[in-house]
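# Coordinate analysis (summary)
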Amino acid sequence: GTHDQLMAKGEAGYYFRLNVKQEGGGAGNDAVNAWMQAERQPSVRRIASGSSAKSGDVERTKSAEEIKEEKKREEQEKSQYTKRIWKMHAGDTFHFLIGSVGALMVGFAHPSTGIVFVKSLSNFYIDDADKMRNDGYAWAGALIAIAVVQTIGDTMRGWGFGVP
């Protein structure tokens, strides 16, 4: 049910007792009674500040229009921040492109190393010595190629993202 429906059950309801305990009051507490009255009024709510709130402390809630307006203002502020950051980096598109390609190369290297390592383990179970040697050279070459790609990618990433 809704909050109001569950609170209407009174002390017999679990939800009501949970709310009363969270508010720090008992069944006869004036703060809880003031809170209950404020909850029943659609235009006001009790200030939630724990046990330091005085009974009867209420503040006006925001209307739906005010909430929409506030959200719209927040979205405009966020978009202005993004636009400001992109203006600060005008002309850096080439650097971002080089850095991104380098990051992709580095991201490719780590999983590839794991795959090559696991595949090269099967090399120990080959009966033919010449085939074992040739496969070993192939896997070692693959690891060297991955190391070269990672080194180039890391250099590109550092230059692309590190240039002011």
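Each chain has its residues counted from 1, following the order in which its sequence is written. For a predicted model such as this one, the threshold for reporting local features is a pLDDT of at least 70, and the threshold for listing and counting side-chain atom pairs is 80 or more; totals across whole chains, interfaces and linings nevertheless cover every residue. The basis for every side-chain value is the complete set of heavy atoms in the structure, and neither hydrogens nor water enter the calculation.

## Digging into the overall build of the chain
Helices and strands together make up the secondary structure of the chain, namely six helices and two strands. Numbering of helices and strands starts at the N terminus; helices are DSSP runs of H or I of at least 4 residues and strands are runs of E of at least 2. For the chain, the succession of helices and strands along the chain, N to C, is α-α-α-β-β-α-α-α. A simple rule labels every residue: compare its accessible area, found with a 1.4 Å probe on the protein chains alone, to the largest value its type can have, and call it buried under 20%, exposed over 50%, or partly exposed in between. Looking at the 164 residues of the chain, the share that counts as buried comes to 18%. It only takes one pair of heavy atoms within 4.5 Å for two residues to be counted as in contact. Long-range pairs, those at least 24 residues apart, make up 43% of the contacts in the chain between residues at least 6 apart in sequence.

## What to know about the packing of aromatic side chains
Only Phe, Tyr and Trp rings are paired, with Trp represented by its six-membered ring, and only when their centres lie within 6.5 Å; those with planes under 30 degrees apart are stacked, over 60 edge-to-face, the remainder tilted. Scanning the model with the defined rule gives one aromatic pair in all. For the ring pair Phe94 and Trp159, a centre distance of 6.1 Å and an interplane angle of 75 degrees mean the geometry is edge-to-face. Of the two residues, Phe94 sits in helix α5 (residues 93-121) while Trp159 sits in helix α6 (residues 129-162), which places them 65 residues apart along the sequence.

## Observations regarding the confidence of the model for the chain
Confidence of the prediction at every residue is given by pLDDT, a number between 0 and 100. Taken over all residues, the pLDDT of the chain has a mean of 79, while the share at 70 or more is 77%. When pLDDT is averaged over each helix and strand of the chain, the minimum, 46, is found for strand β1 (residues 44-46) and the maximum, 94, for α6.

## Some points on α5
Each helix should span, by expectation, one fewer than its residue count multiplied by 1.5 Å. Counted at 1.5 Å a residue, the expected span for α5 with its 29 residues is 42 Å, and the 43 Å between its end C-alpha atoms agrees. Taken together, the buried positions of α5 are His95, Ile98, Gly99, Gly102, Val106, Ala109, Ser112, Val116 and Ser120. Looking at the buried residues of α5, the elements they touch are α6.

## A short note on the environment of Gln150
Among the secondary structure elements, Gln150 is positioned in helix α6. According to the relative accessible area criterion, Gln150 is partly exposed, its value standing at 24%. Along the backbone, Gln150 and Val106 are 44 residues apart, and their C-alpha atoms lie at a distance of 5.0 Å. For Gln150, the residues in contact, after removing those within four places along its chain, are Val106, Ala109 and His110.

## Points about helix α2 (residues 14-23)
Every buried residue of α2 is accounted for by Phe16, Asn19 and Val20. For α2, the buried positions fall inside an angular range of 100 degrees around the axis, keeping them on one side. Residues of α2 that are exposed and point more than 90 degrees away from the buried face comprise Tyr14, Lys21 and Gln22. Note that the arc is computed from the directions linking the helix axis to the C-beta atoms.

## Notes on the pattern of salt bridges
A pairing counts as a salt bridge when a side-chain nitrogen of Lys or Arg comes within 4 Å of a carboxyl oxygen of Asp or Glu. In this structure the tally under the stated criterion is three salt bridges. Note that Asp135 is salt-bridged to Lys131, the shortest N-O span being 3.2 Å. With Asp135 and Lys131 both in helix α6 and four residues apart, this pair spans about one turn of that helix. Notably, a salt bridge pairs Arg157 with Asp154, separated by 2.5 Å at the nearest N-O pair.

## Observations concerning the side chain of Ser112
The residue Ser112 is located in helix α5 in this model. Here the side chain of Ser112 touches Phe108 through a polar contact of 2.7 Å, landing on its backbone oxygen. Pairs of N or O atoms within 3.5 Å make up the polar contacts considered here, provided that, within protein, one atom can donate a hydrogen while the other can accept it, and that residues adjacent in sequence are counted only when both atoms are side-chain atoms.

## Here's the deal with the environment of Val163
Counting through the fold element by element, Val163 comes out in the segment after α6. The exposure class of Val163 is partly exposed, given its relative accessible area of 29%. For the pair Val163 and His95, spaced 68 residues apart in sequence, the C-alpha to C-alpha distance is 7.4 Å. Those residues in contact with Val163 that sit more than four places away from it in its chain are His95 and Gly158.

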